[in-house]
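Descriptive structure summary
Listed below are the residues making up each chain.
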Amino acid sequence: MTVRLAPSILSADFASLGAQVAAAERGGADLIHVDVMDGHFVPNLTMGPAVVAAVRRVTTLPLDVHLMVTDPDRFLDAFAEAGAGILTVHAEVLPHLSRTIQAIKQLGCLAGVALNPSTPLSAIEEVAGEVDLVLVMSVNPGFGGQSFLRNSESKIARVRQLLTGARSVADIEVDGGIDPGNVGLVVAAGATMIVAGASIFGTKDPESAARTLKGLALEAAGAGRR
Ligand code: DX5
Ligand code: ZN
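Reading the values: the criteria
Residues numbered from 1 in each chain as written. Chains lettered and ligands numbered in written order. Predicted model: local features only at pLDDT ≥ 70, side-chain atom pairs only at ≥ 80, totals over all residues. Heavy atoms only, no water. Donors = N, O, S within 2.8 Å, 3.2 Å for Na, K, Ca; no water. Tetrahedral: all angles 85-135°; square planar, octahedral: opposite > 155°, others 65-115°. Near = heavy atom within 4 Å. Polar contact = N/O pair within 3.5 Å; in protein donor to acceptor, adjacent residues only side chain to side chain. Areas by Shrake-Rupley, 256 points an atom, 1.4 Å probe, with all protein chains shown as cover. 1 Å grid on protein atoms, 1.4 Å probe; cavity = no way out; pocket = protein on both sides within 12 Å on 5 of 7 lines; lining within 4 Å. Sits in = over half its atoms within 2 Å of the grid points. Pairing = 2+ DSSP bridges. Helix = DSSP H or I, 4+ residues; strand = E, 2+ residues; numbered from the N terminus. Axes fitted to C-alpha atoms, helices over the stretch in contact; angles between N-to-C directions. Contact = heavy atoms within 4.5 Å.

**Re the coordination of the zinc ion (ligand 2)**
Distances from the zinc ion (ligand 2) to its protein donors, namely H33 (NE2), D35 (OD), H66 (ND1) and D175 (OD), fall within the range 2.0 to 2.3 Å. If you look at the zinc ion (ligand 2), its six donor atoms make angles of 70 to 170° with each other, and the shape they trace is octahedral.

Shown next, in the form of structure tokens:
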């Protein structure tokens, strides 16, 4: 198993989004992570399908769309239409999680389920065999640039156990506060997709920041022979 880097454009300079995405791509980005916030599920407002469509026009990388919204079912079609490759929804807002996962797949996208730091694994136990990825939030969602919560490491390891038990090879994505100092730890714990915003786009040289982070992640994955 290898590890992929998904720079989050939340911390990018929106006035130069095309150039910022291109820099991340040159630095080895494997996907582009788009944080959609509705000011309700999380206390912030960000982007919608129009931004996804705009990013779709400037890169061939898959778009990894993270829906931090109260009613994601209403918007799945619009994001799929805009060019999302992965649609990740939060378990906390979905009483019929399996139905939403199937709806995402029917739209031709990969289906992800995200867990807030305080949400137990049991929220995804029954759908472990259906999901394409599990996103472990390592900060409370809403803003870029927050500090990594250390207990996320053990949560990643427990998600891997749950997936293995369900005979699933789904990705585990970690999102929030990832930087060169902790990326190796989360990869060692079992993360296969790394989201990073501030530690890439908050620097003067996003291309080289992405390259450094990806190098460290691959090194850790190699060390674990995964
Ligand atoms: C937080 C978002 C993250 C955020 C990560 O609510 O889901 O994707 O952009 O940014 P950093 O890496 O700056 O914590
Ligand atoms: Zn995110």
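Structure shown, so let's carry the discussion forward.
**Structural notes on the site of ligand 1**
Neighbouring residues of ligand 1: 20 residues in total, closest D35, G145, D175, G177 and G197. G142 has a polar backbone atom sitting 2.8 Å from an oxygen atom of ligand 1. Between ligand 1 and G177 there is a distance of 2.8 Å, counted from an oxygen atom to a backbone nitrogen or oxygen. With the chains in place, 99% of the 380 Å² that ligand 1 exposes on its own is no longer accessible. According to the grid-proximity analysis, the pocket containing ligand 1 is the largest pocket.

**Some thoughts on the sheet that holds strand β2 (residues 32-37)**
In space, the eight strands of this open sheet follow the order β1-β8-β7-β6-β5-β4-β3-β2, with parallel pairing throughout. The sheet is open, and its two borders are formed by β1 (4-7) and β2, each paired with just one other strand. Neighbour to neighbour, the strand axes of the sheet diverge by 25° on average, direction disregarded. As defined by bridge partners, strand β4 (residues 86-90) adjoins strand β5 (residues 110-115) across five bridges and the pair is classed as parallel. Counted as the bridge partner of T88 is G112 from β5. With respect to the sheet, helix α4 (residues 97-106) is in contact with β4 and β5, its orientation differing from that of β5 by roughly 145°.

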